[in-house]
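Below are the chains, spelled out letter by letter.
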Amino acid sequence: MQLLVNIVVLTATYALISCGYVLIYRVSRVLNLAHGALMMLGAYLLLSTALVFHGNPVLSLLMAAALSLVVGILVYVFLMHRMTGQSVLAAVLATIALSIMLRGGIALVWSAQSRQPIQHLGVSNPTIAILGAAHTSACSLLLVAVAGVVYALLFLFMRFSRWGLRMRAVGQAPLLAAQRGISIHGIYALAWALSAFTGAAAGVLLSLNSGLDSTMALVGLQAFPAALVGGLDSLGGALAGSLIVAVTEVLLIHYVDPLLSSAAPFLVLIVMLVIRPWGLFGTQEQLDRV
Amino acid sequence: MFSRTPRPATRRLPIPAWVLRAIASRRGRLGLAVGAAALLVIPFVASSYELDLANQVLLASVGALALMLLTGFAGQISLGHAGLMAAGAFTVGIAYKEFGAPFWVALPASAVLGAMLGLIFGLPSVRLRGLYLAVSTLALHFVVIYLCGEYETNRAMSSAIMVNAPVVFGHQIYGDRIWYFLLLAAVVVTLILCANLLRSRTGRAWGAIRTNETVAAAMGINVPRYKLLAFVISATVTTVSGALFAYQRGFVSVDAFSFYLTIQYVAMIIIGGMPSLAGALLGATFIVLLPHAIQGVLLPMLGADNPGSAFAAIYAAFGAVMIFFLMFEPRGLLGAWRRIQRRLRFKRVPLGEVSE
């Protein structure tokens, strides 16, 4: 039972993080390895807003969410906008460099000490028993709920809204989309904003649960095998991939070796790359060279 | 199509092209002599801090050359460089701790392991390209690091594995000055190896694969074979550099081989300028010296009691420099240098005599 709860929570964590990878990749074919750092930035932004709007959790959460949207747009406008049209390697490296810069900048601004944003927010995080047998924390349950809501909204947005349709069109054929009058740069910026937003949501919820320090960027990196296993351009795939990775990780930790936790997602990834490189639900594509 | 430098058929000596070009002119000869003399004099005039830096530069140069061969010349992206170095260092550490193996056993052992790992790291490249290849090498990096961490936790009580200074011909190799010459020799050997490979059939095959895989296959090049060869050779050199790192430091710890180290090596070849062997050396020098330069500027400003934020500033500045090069100077330092050179030349030569 406890294992099952652990699997659900970890699946939700990975799913919430990996949808950020999928959003950007689906629209602009860029693998954003700075996602972990953006997550961390979102959590630190909450820390700051919690200090500013002291004792008002809702307002500070809303401010942090708005700021993370702005961060996503800024990243696109100042960095990725200039990297469009360059090689895959250059774009990926730009995101890695961004991640390094953000991590350094965060340590400069907020210091590298471990923080507990939940204390500043003025809410508690009680342990909750589920069906008597298993335990988890309130924030973990919240994380599962948020992941569910985010996925439902993203699905509806991509499927039925006009902007979602535009995003899919740009992802499929940027040139044709541009000729039909869709503002490609606007769409790309939107994808980055949404991705930074969902990442920040994941970062905030994780930091409420287990505190906040520089290791969070690594958590973000661990989630990207989930996105790739499911298929980098499929939201449903990200959910399935998260489930597969989470099940493997929890079972390996429980039955084999706790140290495996950091390697487990990548073991799944290697197996997937050997069998079906484009993932469970991804589209097979001809990749360009360096 | 495959290379920009002309290849006269008479060139058979194992010497890089730019050295030969330099020897051809009097000014080039002078420059070479001064450079060589400077390299030999450094260990006798430098302070121990500067000598340590020089050793770091030389060590990084070996690794950067290996990565340049793979990514710059063969066009295969790898994000598993730190994993390979860790494998080399841990081969030395384990061979020493478990069997007390001497230098001349542990070093070849790490090279053999490197060749095998190169084959494993390279296998995905037969099917995958670009992004997916980068991701698969990254995944292998984490697996290697996990195995090393596992060994460190279980056998060394989570602390670093100590390695004694190697003994060669009855002499203990100890001290920065001896290491300087040893590492310098390693760089020269690697440089000659790379330069020769690139001038051979193999190097031309790599160039063809980098330019266009489909065309390369159509021209009769066995693409999977040469890709794997690139991975094997690069990985062998990389693990040996990891092994040298272990001996020079005197201890092995998995903490030294994070993903950040991989990024530093990738930054070296980008900032140096791809594809070029000189670019790898230039980039290695730049990346190794960059944090110390920043520290030299920042520490007086921040005050010496603030090492934590100095570290963070170095981290941030490293990212910023990398972004700068990716955005504004994708051809790296070498590209910038060529552009400056061209501009200067255009100013000096009257318009009518420009032949280019």
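From a predicted model like this one, the values you see are computed outputs, not experimental measurements.

Let us look at the packing of helix α5 (residues 103–127) of chain B against helix α6 (residues 130–155) of chain B. Each packed pair of helices is defined by two parameters, the angle between the axes and the distance between the axes. Residue and element names in this part refer to chain B. The geometry of α5 relative to α6 is characterised by a closest axis approach of 9 Å and an angle of 155 degrees between their N-to-C directions. On the basis of their axis angle, the class for α5 and α6 is roughly antiparallel. Crossing geometry of α5 relative to α6 is assigned as right-handed. Across the interface between the two elements, Ile120, Phe121, Pro124 and Ser125 of α5 pack against Leu133, Ser136, Thr137 and Leu140 of α6. Considered class by class, the residues forming the contact of α5 with α6 number five nonpolar, three polar and no charged.

Let's shift gears to the interface of chain A and chain B. Across the contact, 35 residues belong to chain A and 38 residues belong to chain B. Elements with a minimum of two residues in the side of chain A that touches chain B: α3 (57–83), α4 (88–110) and α12 (264–275) of chain A.

What follows covers unusual backbone geometry. Geometrically, the link from B:Met274 to B:Pro275 is a cis peptide bond, its omega value of -15 degrees lying close to zero. Residue position: B:Pro275 is located in the loop between α11 (259–272) and α12 (277–302). Phi is positive for A:Arg29, close to 55 degrees, though the residue is something other than glycine. Secondary-structure assignment places A:Arg29 in the loop between α1 (2–28) and α2 (35–52). Under the C-beta neighbour-count criterion, A:Arg29 is labelled partly exposed, with 18 such atoms within 10 Å.

Let's shift gears to the domain arrangement of chain B. Frequently, the measure chosen for interface size is the accessible area removed from exposure when the parts meet. All names here are of chain B. With domains assigned, chain B is organised as domain 1 (49–257) and domain 2 (258–356). Here domain 1 and domain 2 have C-alpha centroids that lie 23 Å from each other. Taken together, the contacts link 22 residues of domain 1 with 21 residues of domain 2. Those elements that provide at least two residues to the side of domain 1 that touches domain 2 are α3 (48–73), α4 (81–99) and α7 (176–199). Considering each element in turn, the side of domain 1 that touches domain 2 owes the most residues, 13 residues, to α3. Class assignment of the residues belonging to the side of domain 1 that touches domain 2 gives a composition of 14 nonpolar, eight polar and no charged.

Cut-offs used in this document
- Throughout, residues of each chain are indexed from 1 in the direction in which the sequence is written.
- Written order decides the labels, with chains lettered from A and ligands numbered from 1.
- Reporting in this predicted model follows two pLDDT cut-offs: at least 70 for local features of residues, and 80 or more for side-chain atom pairs to be given and counted; totals over whole chains, interfaces and linings ignore these cut-offs and use all residues.
- Working convention: axes come from line fits to C-alpha atoms, limited for helices to the stretch in contact. Angles between N-to-C directions cover 0 to 180 degrees.
- Helix and strand assignments follow DSSP, with helices taken as H or I runs no shorter than four residues and strands as E runs no shorter than two, numbered in order from the N terminus.
- Relative orientations are named as follows: roughly parallel for angles under 35 degrees, roughly antiparallel for angles over 145 degrees, roughly perpendicular for angles from 65 to 115 degrees, and oblique for any other angle.
- Crossing chirality is assigned from the near helix's rotation relative to the far helix, an anticlockwise turn below a right angle marking it left-handed and a clockwise turn marking it right-handed.
- Placing C-beta atoms from the backbone, we regard two residues as in contact once those atoms come within 7 Å.
- Three residue categories are used. Nonpolar comprises Ala, Val, Leu, Ile, Met, Phe, Trp, Tyr, Cys and Pro, charged comprises Asp, Glu, Lys and Arg, and polar comprises the others, including Gly.
- The burial criterion counts other C-beta atoms lying within 10 Å of a residue's C-beta, which is placed from the backbone; the residue is buried at 20 or more, exposed at 12 or fewer, and partly exposed between these limits.
- Domain segmentation is taken from an automatic or database assignment of domains.

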